[in-house]
Each structure stands twice: as structure tokens, then as C-alpha cells.
Amino acid sequence: MVNQHFYDDILVPIKKDHAKDLFSHIFQSKILDTIQWDGPKSIDDLTNGFAARELEMAKGNIHQFTIIDPQTHKPAGSIDIRLENNMYRADIGLWIGESFQGQGLGTKAVKKITKYGFDILKLEKIEASIFVGNLSSRAVFERCGYSLEGTIRFKTKKYGKLVDEWLFGITKPEFEE
């Protein structure tokens, strides 16, 4: 179970109901060119996926949040922190709808989930893999104190092509400085 004091006006636990607001921001969007997920096939696909994640989040099996725009109070994107099998390290994934980009939501969300990872999940290191060339995401993680650790060549396949990824990381001592 997740610590209730963690929630605020930027991040809320994922809910099935968020799918209807987020669908238009992710379905066949250019955002999908910059993340590993290929996106939902339909509104029902997204709704069912969110419903399953909501249940897993309530059980404490996953840690996925909806990013809320503080101006409109509408869902603007999604962020999760995925624990590695060793349980001391995790990876962050996020996306923000195009109409909400450039407002600092990504930076606020990454700062908040990084704190969550270290304070609540008791992690020692958090990483983020970013497609090479995604300068906006790179800047978000750099602003949050993450360091470029290297480039992983041919890390994943996207649309049938091998893609290189930048690996960013931050350790608990670095975060606490």
C-alpha cells in the first residue's frame, strides 16, 4: 500500500476514470514516437489497462500515477516507477500530453516520484531510459539531478527499428545533497 501523505495536486494514483481524459492525448499521438509503449488501440483498451493498473496500485504491486495539471485539474499524463527484481533499484517512465508540455509538469512529476522512490520505496538508485534525441525528456531529468550514465545502443525496438537510449540515473546520496 502506498503512503497517503505522498499524494498531492500533481500526482494521484492511477484510476480507470482517467482513461477518458487521457485517451485523446496519447492515441496515435507523436508522443508515442518518443516512448517504448506503442499506446492504446482504443478507448476500451486504455480503460481496461487503467482498471487493471488501478487494482495493482491498490495492492501495492505497482506504482503508477496520473499527472494532474494544477491549472485545469485535468489529467495531463502518466508516470510510473518500476522496481527491478533486486528491489533497491527502479526505472521511471512518463509521458505528458502535448497540450500540457512546456509548463514544468514533467519536472514536478519526476521530482515527486523520485522523492517517493527514495522515501517511500526505500530505493538506492533510480534510472530513466530516454530515446536518444528526446531532448525535452533529457532536460527534465537533468533538471531533477539525474546524470547521463551512457548510451545503450540498440536498447529497444520501436516500429521495427532498433533504437538507442540514453541511460540517466540518480543515487540516494546524490538526491539527498
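In what follows, the accompanying structure is described. No experiment lies behind these values; they were computed from the predicted model shown.

If you trace the backbone, Ser78 turns up in strand β3 (residues 75–83). Engagement of the side chain of Ser78 in a polar contact is seen with the side chain of Gln64, the distance being 3.0 Å. Every residue in contact with Ser78, bar those within four places of it in the chain, is listed here: Gln64, Phe65, Ile67, Gly93, Leu94 and Trp95.

In this section: the packing of helix α3 (residues 105–119) against helix α4 (residues 135–143). Viewed as axis vectors pointing N to C, α3 and α4 meet at an angle of 45 degrees, and their least axial separation amounts to 9 Å. When the axis of α3 is compared with that of α4, the two are oblique. Read as a crossing pair, α3 and α4 show a hand that is right-handed. Taken together, the residues of α4 that come into contact with α3 (itself represented by Gly106, Thr107, Val110 and Lys111) are Val140, Phe141 and Arg143. Across the contact of α3 with α4, the residue classes tally to 3 nonpolar, 2 polar and 2 charged.

Quick look at the nonpolar core now. Counting 42 residues, the largest nonpolar core has Ile67, Ile79, Ile81, Phe141 and Tyr146 as the members making the most contacts within it. When residues of this core are assigned to their parent elements, the largest contribution, 6 residues, is made by α3. Beyond its immediate sequence surroundings of up to four residues, Ile81 is in contact with His63, Ala90, Asp91, Ile92, Ile113, Tyr116, Gly117, Leu121, Leu123 and Ile126.

In this section: the pattern of salt bridges. In this structure the tally under the stated criterion is 13 salt bridges. A salt bridge links Asp80 to Arg82; its shortest N-O distance comes to 2.9 Å. The exposure class assigned to Asp80 is buried, which follows from its relative accessible area of 15%. For Arg82, a relative accessible area of 37% gives the class partly exposed. A salt bridge links Glu84 to Arg89, with the shortest nitrogen-to-oxygen separation between them at 3.8 Å. By relative accessible area, Glu84 is classed as partly exposed at 28%. Using a relative accessible area of 24% as the deciding quantity, one classes Arg89 as partly exposed. Shared partners join several salt bridges into a network, and the residues in it are Glu84, Arg89, Lys125, Glu127 and Glu149.

About the cut-offs
- Residues numbered from 1 in each chain as written.
- Predicted model: local features only at pLDDT ≥ 70, side-chain atom pairs only at ≥ 80, totals over all residues.
- Heavy atoms only, no water.
- Helix = DSSP H or I, 4+ residues; strand = E, 2+ residues; numbered from the N terminus.
- Polar contact = N/O pair within 3.5 Å; in protein donor to acceptor, adjacent residues only side chain to side chain.
- Contact = heavy atoms within 4.5 Å.
- Axes fitted to C-alpha atoms, helices over the stretch in contact; angles between N-to-C directions.
- Parallel < 35°, antiparallel > 145°, perpendicular 65-115°, else oblique.
- Left-handed = near helix turned anticlockwise from the far one by under 90°.
- Nonpolar A, V, L, I, M, F, W, Y, C, P; charged D, E, K, R; others polar.
- Core = buried A, V, L, I, M, F, W, Y, C linked by side-chain atoms within 4.5 Å.
- Buried < 20%, exposed > 50% of the residue type's maximum accessible area, 1.4 Å probe, protein only.
- Salt bridge = Lys/Arg side-chain N within 4 Å of Asp/Glu carboxyl O.

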